[in-house]
Amino acid sequence: MNTFLKGMSILVIATFLGEVVEFLVNMILARELGESGMGHYMTILPTIFLIMMLASFELPVSISKMIAERDESYHRSMISHAIRLAVVFTTVLLIGAAILLPSIPVFKDYHPLLKWVVLSLIPVMTITAIARGFFMGKQDMGKIAISHFIRRAVQLLLLSAVFQFFEFGSETALLVAFCTLAGSELVVFLYLLHYFIMSYQKIKSVSGKHVSGREVRKSLVEVSVPTTGLRIFHSLTHAVQPFLIKFAIVSAGLTAEMATEQFGMMAGIAMTIGFFPAFIAHSFLIILIPTVSKAYAEKEFFKLQKLLQQVMLLTLLYGLPAVTAFYFLAEPLTNTFFHSKQAAVFLQLLAPYFLFHYFTIPMQAYLIGLGLVKDAFIHSVYATIVTFSLIYLVGSRPEWGMEGVIVGMNTGSMVILLLHYLTICKKIGITWRAKSVIKDSRF
């Protein structure tokens, strides 16, 4: 538990600094791109994140889980096989993306070079994923934390420098914004690769036990494939959601330009503010996956129960004050940082969505650590059906519009949280009686 709290503290501090920097990044983007440009930026961003996620193949999750569950003497052999698998996967994905990416319709409304910027990120993301998974599994959270901060800081420096000395048209400005994102990922890649090579040289100098390539590939694929499927589903829904939202509020009577501006205010301003405290939830996610995996492999169910209680309590202690502040200080926050009073009402209405989100992120990490990725996927499907249905049915009504869209988002976030929590309780032996009961070791 001391290792968990120490790693958690390091992650929270570094991620907090990173979130402060990201807040400044979004302020610069909102100022330089304008409401319409920010809407276009937020529209294409989920698609780019989907491609970046595919490139990582969820190796940080699968490698960290594998490293945490096995003795250190096996690490050299496992990492060697993981690198070979990653090289093959990257080569295939890079060739496929080079063929398919130019024909994806969503990129046609943006600068022609954007698709090639995204293509260049594929090998960078794959190699970075191996290093990140290794350090997560070793619970070396210092390097993970620093890499998060470096990503935000480099993007901020690049944005500040470029927009300070140059002026661009709207299309080129969007391309520059995404180039700074790619530049920050490249710097993180170099940082993690440097320390990964140093660590790998150390474990190569120590005699270790051999693990067959087939066993390693099986372990990685058993985690990476379903987790990638879950992330693909999330990324696809996040990529589709902006278009569904804009379609719904256009059906409610807004013009296409007004719909883009409203979506930009909600996604680029209200969500930037509301998701700011989620750096704590993401810190939980990073450290919970190897911690829960190790505890579950060793059948330490009491530790899992205690850990869940602590995570829920800590989330409540920061989440409830945060959303309360967002509700009562919505207008000063949106006006001070983004010079937009109109976004204040969106921030207030999204308060439940943010609170449920803070709880859902560590719950998903728990499910992954317990080997319940399939359950997490099914929960996401149910919640997305509820969300999308309400977004269209309520958001397309003239008297509701964007407010109806937010009703759908709030409801969907509540559904997935409840499904995650109840499934975890059942798996680790928490009942509704006064005491938790462990029936047997299988669960």
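A quick note: this is a predicted structure, and the numbers were derived from the prediction, not measured.

Let us look at empty space enclosed by the protein. On inspection of all chains with the given rule, the structure shows two cavities of 30 Å³ or more. In this structure, the second largest cavity spans a volume of roughly 30 Å³. If you list the elements that add at least two residues to the lining of the second largest cavity, you get helix H4 (114-137) and helix H6 (170-204). If one sorts the elements of the lining of the second largest cavity by residue count, H4 sits on top with four residues.

Core analysis: the biggest nonpolar cluster contains 140 residues, and Met 266 and Tyr 366 have the highest contact counts within it. For this core, the element with the most residues is helix H1 (residues 2-56), which contributes 19 residues.

This paragraph deals with the confidence of the model for the protein. Atom-level detail of predicted coordinates should not be read off regions where pLDDT is low. The share of residues in the protein with pLDDT of 70 or more is 96%, and the mean pLDDT across the chain is 85. For the stretch residues 434-443, pLDDT sits under 50, and the model shows 22 contacts to residues farther than four places along the chain or on other chains.

The next thing to look at is the packing of aromatic side chains. According to the stated counting rule, one finds 18 aromatic pairs in the structure shown. A centroid spacing of 5.4 Å and a plane angle of 55° characterise the contact between Phe 16 and Phe 279, whose relative ring orientation is tilted. Here Phe 16, found in helix H1, pairs with Phe 279, found in helix H9 (residues 278-297); they are 263 residues apart in sequence, far enough to count as distant. The interplanar angle of 80° and the centroid separation of 5.6 Å between the aromatic rings of Phe 134 and Phe 196 together place this pair among those described as edge-to-face. One end of the pair, Phe 134, is in helix H4; the other, Phe 196, is in helix H6, and 62 residues separate them in sequence. A relative accessible area of 4% means that Phe 134 is categorised as buried. Residue classification places Phe 196 among the buried residues on the basis of a relative accessible area of 7%.

Calculation notes
- Residues numbered from 1 in each chain as written.
- Predicted model: local features only at pLDDT ≥ 70, side-chain atom pairs only at ≥ 80, totals over all residues.
- Heavy atoms only, no water.
- 1 Å grid on protein atoms, 1.4 Å probe; cavity = no way out; pocket = protein on both sides within 12 Å on 5 of 7 lines; lining within 4 Å.
- Points joined across faces, edges and corners; volume = space filled by probe spheres on them.
- Helix = DSSP H or I, 4+ residues; strand = E, 2+ residues; numbered from the N terminus.
- Core = buried A, V, L, I, M, F, W, Y, C linked by side-chain atoms within 4.5 Å.
- Buried < 20%, exposed > 50% of the residue type's maximum accessible area, 1.4 Å probe, protein only.
- pLDDT = per-residue confidence, 0-100.
- Contact = heavy atoms within 4.5 Å.
- Phe/Tyr/Trp six-rings, centres within 6.5 Å; stacked < 30°, edge-to-face > 60°.

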